[in-house]
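# Examination of the molecular architecture
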Amino acid sequence: VASASGFTISNNRPLTFNRQSVSLDAKKVSFKEDSRKALVTGINKVANAVKVTLGPKGRNVVLERNYGAPEIVNDGVTIAREISLYDAEENVGAKLIQEVASKSDSKAGDGTTTSTIMTQAIVNGGIRAVTAGVNPIALNSGIKKSARMIADKVKEIAKPVKGV
């Protein structure tokens, strides 16, 4: 499965082997609105599953395992990792959210649910803006500038912690 700006390529069927030849199945290629819609649908499905765990009153999620008893978790990255969608184009969006949660977990050790929800909001707002005709490159530049400004402000108001 591969994705690029404006289109998504995915396999509909698995690679098949036989002794004499290898057969590669055709790719499904979608553009513009169809591609964006599938991507956002996948992102929203994973984010909505993770969203319920946010905060002190966050709910638990039961994960079915292929082996053993089901597992009860309230960790965003664990839930995100377990989700795999049948539609290959939607699964590209799911994989993007899983990458966000995984990076938050590895760099900060926490905040996976928050970063997932923030990503969902940024993507939904960005797709809405692009659909309305906003230049995607200018939008990306604006998002990056805003992120830098916010990070700088957080560093400015941060107070050092002693004795840990």
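Just above sits the structure.
Residues numbered from 1 in each chain as written. Predicted model: local features only at pLDDT ≥ 70, side-chain atom pairs only at ≥ 80, totals over all residues. Heavy atoms only, no water.

## Quick notes on the overall build of the protein chain
- Within the protein chain, the regular secondary structure consists of five helices and seven strands.
- Shown N-terminal to C-terminal, the secondary structure of the protein chain runs as helices and strands in the order β-β-β-β-β-α-β-β-α-α-α-α.
- Sorting the 164 residues of the protein chain into buried and exposed places 29% on the buried side.
- Summing over all exposed atoms, the protein chain offers an accessible surface of approximately 11,800 Å²; the carbon and sulfur share of this is 56%. (Helix = DSSP H or I, 4+ residues; strand = E, 2+ residues; numbered from the N terminus. Buried < 20%, exposed > 50% of the residue type's maximum accessible area, 1.4 Å probe, protein only. Areas by Shrake-Rupley, 256 points an atom, 1.4 Å probe, with all protein chains shown as cover.)

## Remarks on the pattern of salt bridges
- This structure, assessed with the given rule, holds six salt bridges.
- In this structure, Arg65 and Glu71 form a salt bridge, with 2.0 Å as the shortest nitrogen-oxygen distance.
- Here Glu71 falls in the partly exposed class, since its relative accessible area comes to 31%.
- Linking Arg81 and Asp105 is a salt bridge whose minimum nitrogen-to-oxygen distance equals 3.7 Å. Of this pair, Arg81 sits in helix H2 (residues 76-82) while Asp105 sits in helix H3 (residues 88-107); the two residues are 24 residues apart in sequence, bridging distant segments of the chain.
- Classification of Asp105 as partly exposed rests on a relative accessible area of 28%.
- Connected through shared salt-bridge partners, Arg65, Glu71 and Glu82 make up one network. (Salt bridge = Lys/Arg side-chain N within 4 Å of Asp/Glu carboxyl O.)

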